[in-house]
Amino acid sequence: MTKLDFIEPDFETLVMDERNGIDYVPFKTPIVVKDGWHLIFQQSCHGLVLCTIRVGGRRRYVVYNPSTRQCKTLPSPQFRITGVPHVMSVSIAFDPAKSSYLEAVYVCRTDNSEGMLHIEIYSPKTDSWRDAGEPFPFSKSGKLLISGVYWNGSVHWIDNWTGTLHYFDIDCELMKNIALPTEPNHYEDSRRRIVYFNECRGHIHLVETRKDDMPGFDIWELRSDYTGWNLNYYVDLSPLITVYPGIVNDRTVSRLISRLKLRVLFVEEGQDSSSRLILSITNDKLISFYLKSKCFKEMYDVKPDVWVQGFEYIETLAHA
């Protein structure tokens, strides 16, 4: 767990290990952040962390290895014409079973139109670029402004508007898709929304709020052969609301707001009864919610004005 304090460029790490409890570890990086710059943690991939540094309207991407404290600033693609390609987002693809080096997957606009996008891949090992695959359409390109999720040799993005999961197969250099297990999203139906999409220990999960009046989540897992989704858990949050009634929003003001003041930070796939959700509730508490026993416990009090993110951490000696 990494806490990002927007008031000061200060970071703390909470190592939330089920066996050993919580360890507090100061998070010091060699990344230089000056006044007016914003450092954002975008993605964690098998022990490597992708950070974005925003300086005005410009963005720099930095890969950091917390185990070795090495970092590398990723380059920008070479312009073929002025302003093209325009980088929408960057994701890192790293599989230590295949290589000790990562690849960086850039989503770019092919021209000045917003309808067509394409992929460029940068290899730090050879310091080289390659165009990857044919240009592809994307209904709401804003969804690609964030890093994707690397799993099973592909980088994945969700498109709520069309109810589609897009994934780029790096080896085949093809953009593919599969339907989400839910209906396309609409602003007027705030009862159903995707609140989490990420990977943990070889499993990729999608968490969605329930469409009925019961406060809870559906937790879906994508099958490794992409033939569909399995509904692994239905999480009834009523016991949590009983203890923390303040997490319920007043939806008489607007139906566009979320029903609950909580965020899913992480879905941890464990053994036996240890699988759990890490939740941030009312912006000041971290809760561990066990998926099989339905029990939960308060783990940490968060200071005011602190933003909390959840990532899986794996020690690695890979090259940043």
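As a reminder, the structure under discussion sits directly above these lines.
Heads up: these notes are all about the structure in this document. (Residues numbered from 1 in each chain as written. Predicted model: local features only at pLDDT ≥ 70, side-chain atom pairs only at ≥ 80, totals over all residues. Heavy atoms only, no water.)

With that out of the way, let us pick up the environment of leucine 50. With respect to the helices and strands, leucine 50 occurs in strand β5 (residues 48–55). Once you skip the residues sitting within four places of it in the chain, leucine 50 turns out to touch Ile40, Phe41, Gln42, Gln43, Tyr61, Val62, Val63, Leu74, Val90, Ser91, Ile92 and Ser147. (Helix = DSSP H or I, 4+ residues; strand = E, 2+ residues; numbered from the N terminus. Contact = heavy atoms within 4.5 Å.)

A separate point is the environment of asparagine 230. Inspection of the secondary structure assignment puts asparagine 230 in strand β19 (residues 229–236). Here asparagine 230 falls in the partly exposed class, since its relative accessible area comes to 34%. Asparagine 230 sits 49 residues away from proline 181 along the chain, and the two C-alpha atoms are 8.7 Å apart. Those residues in contact with asparagine 230 that sit more than four places away from it in its chain are Ile219, Trp220, Glu221 and Arg223. Polar side-chain contacts of asparagine 230 include one of 3.0 Å to the side chain of arginine 223. (Buried < 20%, exposed > 50% of the residue type's maximum accessible area, 1.4 Å probe, protein only. Polar contact = N/O pair within 3.5 Å; in protein donor to acceptor, adjacent residues only side chain to side chain.)

Taken in spatial order, the four strands line up as β16-β17-β18-β19 in an open sheet, and their pairing is antiparallel. The open sheet has two free edges, formed respectively by β16 (194–200) and β19, since each of these has just one partner strand. Between one strand axis and the next, the sheet turns by 20° as a mean value, whatever way the strands run. Relative to strand β17 (residues 203–209), β16 runs antiparallel, the two being bridged by six bridges. (Pairing = 2+ DSSP bridges. Axes fitted to C-alpha atoms, helices over the stretch in contact; angles between N-to-C directions.)

What follows covers the packing of aromatic side chains. Counted by the stated rule, this structure contains five aromatic pairs. Within the aromatic cluster, the residues linked to one another by ring pairs are Tyr106, Tyr122 and Trp129. One residue, arginine 263, lies across the ring of tryptophan 307, its end atom 3.9 Å from the ring centre. (Phe/Tyr/Trp six-rings, centres within 6.5 Å; stacked < 30°, edge-to-face > 60°. Lys NZ or Arg CZ within 6 Å of the ring centre and 35° of its normal.)

We now examine the sheet that holds strand β14 (residues 164–169). With respect to topology, four strands assemble into an open sheet ordered β12-β13-β14-β15, the strand pairing being antiparallel. Of all strands in the sheet, those with a lone pairing partner are β12 (149–151) and β15 (174–179), marking the two edges. Each neighbouring strand pair of the sheet contributes to a mean axis angle of 30°, computed without reference to strand direction. Bridge count between β14 and β15: six bridges; the pairing is antiparallel. Its bridge partner lying in β15, tyrosine 167 is registered against lysine 176.

We now examine the pattern of salt bridges. Within the structure shown, the criterion is met by eight salt bridges. With a closest N to O distance of 2.7 Å, arginine 130 and glutamate 173 form a salt bridge. Of this pair, arginine 130 sits in strand β11 (residues 128–137) while glutamate 173 is found in the loop between β14 and β15, placing the two residues 43 residues apart along the sequence. For glutamate 173, a relative accessible area of 23% translates into the label partly exposed. Between lysine 285 and aspartate 301 there is a salt bridge, and its shortest N-O distance comes to 3.1 Å. Of this pair, lysine 285 sits in strand β22 (residues 285–290) while aspartate 301 sits in strand β23 (residues 296–301), and the two are 16 residues apart along the sequence. For lysine 285, a relative accessible area of 21% corresponds to the partly exposed category. (Salt bridge = Lys/Arg side-chain N within 4 Å of Asp/Glu carboxyl O.)

This next bit is on unusual backbone geometry. In this structure, histidine 46 takes a positive phi of about 50° despite not being glycine. Mapped onto the fold, histidine 46 is located in the loop between β4 (38–45) and β5.

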